[in-house]
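Below, each chain spelled out in residue letters.
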Amino acid sequence: MTAKMSLTIWTAVVMLTLVVPAQAQADDQGWISLFDGSFNGWKAAEKENAGTFTIKDGVIIAHGPRCHLFYVGPVHYSDFRDFELKVDVMAEPNSNGGIYFHTQYQDRNWPDKGFEVQACNESYRRDPRKTGSLYRMQDVKESAVKDNEWFTMHVIVQGKHVVVNVNDKKVVDWTEPEKANPLSGMSGRMIDSGTFALQGHDPRSTVYYKNVRVKPLFPIVDYHVHLKGGLTLDEIIKFADERGIKVGVAENCGVGFPTTNDQALQPFLDKLAGKPVYKAMQAEGREWVTMFSAETIAKFDYVFTDSMTFTDHRGKRTRLWIPAEVEVGDKQAFMEMLVEKTVGILNNEPIDIYVNPTFLPAVVAAEYDALWTDVRMDRVIEAAVKNGVAIEINARYKLPSEKFLRKAKAAGAKFSFGTNNGGKNDLGDLAYSRLMAKRLGLTAADMFTPKPDGQKPVQRKGLPR
Ligand SMILES: [Zn+2]
């Protein structure tokens, strides 16, 4: 081979080595890297011991006084509940380390929250809990690996079930008991959600960590994002990439919005064509079913609507978020009308998701719990389930209530996350949605996914005319 050729190959090799993923894009098997070769997204505790962690050639080295290195980066809001985690680990002789999950950053000491998966081979005699141990919950008596050799720690957490594999050998299979085991001496440690931390145990230990990657088993999708307040599509895509989440971008379609017919929808569809986002139609008002063709509606990945716009019992078009248009009058009669309108929408309109669910106008919003009686909740939930319409867990309005969501889950409803952002600042703020999903123990199977072509509601049900 010529000198020039070998130089070209050498350059290519160097370039490949230097390329580190700048984004949290999942690979085709869903794995997302949490470590880009730098401390980006990581925070060391115990300021005076922060030097315990160094990075060399793509490897995190823990060697020094006690210190924990927490993942605090953007991927999945550094909040993981059900997940698979893989880390390549190597320990020198007489070394102790470990990996925490469901933890949270704390300034000093051993992490109070979460569980430790131990890295500790035979040569470290002061601790009988060997590599792969789910520390004090299910201990491993003999390390399956040796000092000075890389191995893969593979942790799988799903619900209350934890599996630890060391080099594909299952060493821990543990389910959290209903009541925390008092013998564990760590009764505060409960399956929850949280981030990861790498352990620097003591000055005599040297443990290496690399290829830190996670596969979230509860994929986060924000199905309700708007290009509002100057927010651009590129900004939305970047935001989603950094977090390893997906988004659906929605156009408001209906009376009072610029988009009132098939033709007016085309620029939006063109703009999103080929982009890594879902195309969503937010159907506005009840007239929307007469304004667009089924063919055009089916070009969207999904359609959602709320029951905030309708013609009220006096024949007046009302938008519930505009106080001047709302006339509640008798509260019970108003609620009966609202429930009836909502059930009508769920029964008749070809939609995928009911968004901003159970929204009440400001004048009665404080009475939400009293006005949304069990009977009223049940009627709406029953209609959603019967019609296969998912219920949004809306972050902006923090709706519906936890009580409503628990009932809906029990009735077999599907759910989606949505921010309904007003601009740039609240983009992807899914705090309420994520909190509710955790409290209800929602799994991927409880969540909405867009229907394939041919099975979309507008193709199944058609448009009411
Ligand atoms: Zn919206």
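Residues numbered from 1 in each chain as written. Predicted model: local features only at pLDDT ≥ 70, side-chain atom pairs only at ≥ 80, totals over all residues.

Next up on the list: the overall build of the chain. When helices and strands are tallied, the chain shows 11 helices and 22 strands. The C-alpha extent of the chain, read off along each of the three principal axes, is 80 × 70 × 40 Å. Relative to its full complement of 465 residues, the chain shows a buried share of 41%. For the chain, the proportion of contacts with a sequence separation of at least 24, taken over those separated by at least 6, is 72%. (Helix = DSSP H or I, 4+ residues; strand = E, 2+ residues; numbered from the N terminus. Buried ≥ 20, exposed ≤ 12 C-beta atoms within 10 Å, placed from the backbone. Contact = placed C-beta atoms within 7 Å.)

Its domain assignment divides the chain into domain 1 (3-216) and domain 2 (221-461). Placing a centre on the C-alpha atoms of domain 1 and another on those of domain 2 gives a separation of 39 Å. In this complex, domain 1 contributes 14 residues to the contact, which on the side of domain 2 involves nine residues. Among the residues making up the side of domain 1 that touches domain 2, the classes are represented as six nonpolar, five polar and three charged. (Domains from an automatic or database assignment. Nonpolar A, V, L, I, M, F, W, Y, C, P; charged D, E, K, R; others polar.)

Before going further, it helps to examine the packing of helix α8 (residues 374-386) against helix α9 (residues 402-410). Two elements in contact, α8 and α9, have axes whose closest approach is 10 Å; the angle formed by their N-to-C orientations is 45°. Considering their axes alone, α8 and α9 lie oblique with respect to each other. In the crossing of α8 with α9, the sense of the turn from one axis to the other is right-handed. When α8 is examined against α9, the residues Met-377, Asp-378 and Ile-381 are found in contact with a partner set consisting of Phe-404, Lys-407 and Ala-408. Counted by class, the contact of α8 with α9 contains four nonpolar, no polar and two charged residues. (Axes fitted to C-alpha atoms, helices over the stretch in contact; angles between N-to-C directions. Parallel < 35°, antiparallel > 145°, perpendicular 65-115°, else oblique. Left-handed = near helix turned anticlockwise from the far one by under 90°.)

On to unusual backbone geometry. At the junction of Leu-399 and Pro-400, the peptide bond is cis and its omega measures out at -10° in the coordinates. Tracing the backbone through its elements, the reader meets Pro-400 in the loop between β21 (390-394) and α9. At His-76, a position not held by glycine, the phi torsion is positive, near 45°. Positive phi is not limited to glycine here, since Arg-136 has a value of about 70°. Topologically, Arg-136 is positioned in the loop between β8 (115-120) and β9 (151-158). Look at Arg-136 and you get partly exposed, because 16 C-beta atoms sit within 10 Å.

Along strand β6 (residues 83-91), seven of the nine residues are buried, which leaves the element largely enclosed by surrounding structure. As paired elements, β6 and β9 share seven bridges and run antiparallel to each other. Opposite Val-87, over in β9, you have Met-153 as the bridge partner. As paired strands, β6 and strand β13 (residues 207-216) are joined by eight bridges and run antiparallel to one another. When the sheet's bridge partners are listed, Asp-88 is paired in β13 with Lys-210. (Pairing = 2+ DSSP bridges.)

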